[in-house]
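The primary structure of each chain is shown beneath.
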Amino acid sequence: MTSAIIWKTAKSYETWQKVSKLIEMGGKHYINVEKNGVRKMVRLYTEKEYERMYQSKQGAKTEREALGFNSLGYVYIFKKDTQPYNNELKESNAAYNHLWGWYFNPHEEIPANLYCLEPIKLYWAEVGDTAGALYPSSRIKEAVYKLKYDMGDSQVVGKVGDRLELYVTLIDTMFLRGGYVNYYFKDNENNLYSWVTKKITKIQKEKIIHLKGTVKDKELTTRREKTEWVNILTRCRIYE
């Protein structure tokens, strides 16, 4: 005698009341659930599917396994801003990681209403090593930004420790805590520069200025839906 299949909903719907019989569509199984006057049709999973979806991080040997990359070598992240869909994502089978945001294991179904966010594949090789450990966050951030956004014009200029002599224009000023100011500049090739200082300098926007500064670091940022390199400067001096 064959034992009956035990069907389960995702954990986020375990407290919802089942209000319909099992529904089969396209070889997959669904059921209507209701809570606080809200009714939804949600996916049903066999015990094996359920265990695979919620594999314990304690039982996972590597970060690759714990994050869901192990089976096919990739997960689905989203190219578009997910903020307007946070509630739907929380109620779905999506997971969240601070390095790339909401994502889906490839064995889990992405709800149809989330396809407008443009799911894209994030491969393990882009974020982790062959031993199953994640790369440093700066390297992951660079890989994710390049996937999600087109690259802008700004490039890395010089290397750490180089003293640069530049002719730039001020594009933005940001006042920070502790009395610091962050000045953002760009040169005539659209390369971006940032200088954080306590020295408040009156600089006219869009006016070309002569600036000398030492390269401290570089970082990726998003600006106008593009990925841009920002060259971080220190010990800057403005010449008349």
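Since the structure is predicted, the reported quantities are computational estimates derived from the model, not experimental observations.

**Some thoughts on the environment of Lys 18**
Phase 1: Mapped onto the fold, Lys 18 is located in strand β1 (residues 17-18).
Phase 2: For Lys 18, a relative accessible area of 45% puts it in the partly exposed group.
Phase 3: For Lys 18 and Asn 32, which are 14 residues apart along the polypeptide, the C-alpha to C-alpha distance reads 6.0 Å.

**Points about a positive patch on the surface**
Phase 1: Among the surface-exposed residues, Arg 163, Lys 199, Arg 235 and Arg 237 lie close enough to one another that they form a single positively charged patch.
Phase 2: Mapped onto the fold, Arg 235 is located in strand β14 (residues 226-239).
Phase 3: Judged by relative accessible area, which is 60%, Arg 235 ranks as exposed.

**Some thoughts on the packing of aromatic side chains**
Phase 1: Counted under the stated rule, the structure contains ten aromatic pairs.
Phase 2: Ring centres of Phe 69 and Trp 124 lie 5.1 Å apart, and the angle between their planes is 65 degrees; this geometry places the pair in the edge-to-face category. Of this pair, Phe 69 sits in the loop between α2 (63-66) and β5 (74-78) while Trp 124 sits in helix α4 (residues 124-127); the two residues are 55 residues apart in sequence, bridging distant segments of the chain.
Phase 3: Relative to Tyr 123, the ring of Tyr 74 lies with its centre 5.4 Å away and its plane at 55 degrees, an arrangement referred to as tilted. Separated by 49 residues along the polypeptide, Tyr 74 in strand β5 and Tyr 123 in strand β8 (residues 119-123) bring together distant segments of the chain.
Phase 4: By relative accessible area, Tyr 123 is classed as partly exposed at 38%.
Phase 5: An aromatic cluster is defined as three or more aromatic residues linked by ring pairs; in this entry it consists of Phe 69, Trp 100, Tyr 103 and Trp 124.

**What about the side chain of Asn 32?**
Phase 1: Considering the arrangement of structural elements, one finds Asn 32 in strand β3 (residues 28-35).
Phase 2: With near-sequence residues (within four places) excluded, Asn 32 lies in contact with Gln 17, Lys 18, Val 19, Ser 20, Ile 23, Lys 40 and Met 41.

**A closer look at the nonpolar core**
Phase 1: Ranked by size, the top nonpolar core spans 16 residues in total, and within it Leu 164, Val 168, Tyr 183, Phe 185, Tyr 193 and Leu 233 carry the most contacts.
Phase 2: Going through the elements one at a time, β10 (163-175), β11 (181-186), β12 (192-197), β13 (208-223) and β14 are the ones with two or more residues in this core.
Phase 3: Sorting elements by how many residues they give to this core places β10 first, with four residues.
Phase 4: Dropping the residues within four chain positions of it, Tyr 183 is found in contact with Leu 170, Asp 172, Thr 173, Tyr 193, Ser 194, Trp 195, Thr 197, Lys 199, Ile 200, Thr 201 and Ile 203.

Rules and cut-offs
By convention here, each chain's residues receive numbers from 1 onward along its written sequence. Owing to the predicted nature of the model, reporting of local features is limited to residues with pLDDT of at least 70; listing and counting of side-chain atom pairs is limited to 80 or more, with chain, interface and lining totals taken over all residues. Note that the side-chain values use all heavy atoms of the structure and ignore hydrogens as well as water. Every helix listed is a DSSP run of H or I at least four residues long, and every strand listed is a run of E at least two residues long, numbered separately from the N terminus. Accessibility here uses a 1.4 Å probe with only protein chains present; expressed as a share of the type maximum, an area under 20% marks a residue as buried, one over 50% as exposed, and anything in between as partly exposed. Patches draw on residues past 30% relative accessible area with no salt bridge. Two like charges within 9 Å are joined, as are two nonpolar side chains (Val, Leu, Ile, Met, Phe, Trp, Tyr) within 5 Å. Areas reported as accessible are Shrake-Rupley estimates using a 1.4 Å probe. Residue values count occlusion only from the protein chains shown. Whenever a carboxyl oxygen of Asp or Glu lies within 4 Å of a side-chain nitrogen of Lys or Arg, that contact is scored as a salt bridge. Positive charge is attributed to Lys and Arg, negative charge to Asp and Glu, and no charge count is given to His or to the chain ends. Note that the charge is assigned to NZ on lysines, CZ on arginines, CG on aspartates and CD on glutamates. Between the rings of Phe, Tyr and Trp (Trp by its six-membered ring), a pair exists once the centres lie within 6.5 Å; its type follows the angle of the planes, with under 30 degrees stacked, over 60 edge-to-face, and the other angles tilted. Note on definitions: a residue-residue contact is assigned when non-hydrogen atoms from the two residues lie within 4.5 Å. Here the nonpolar core consists of buried residues drawn from Ala, Val, Leu, Ile, Met, Phe, Trp, Tyr and Cys, with membership extended through side-chain atoms lying within 4.5 Å.

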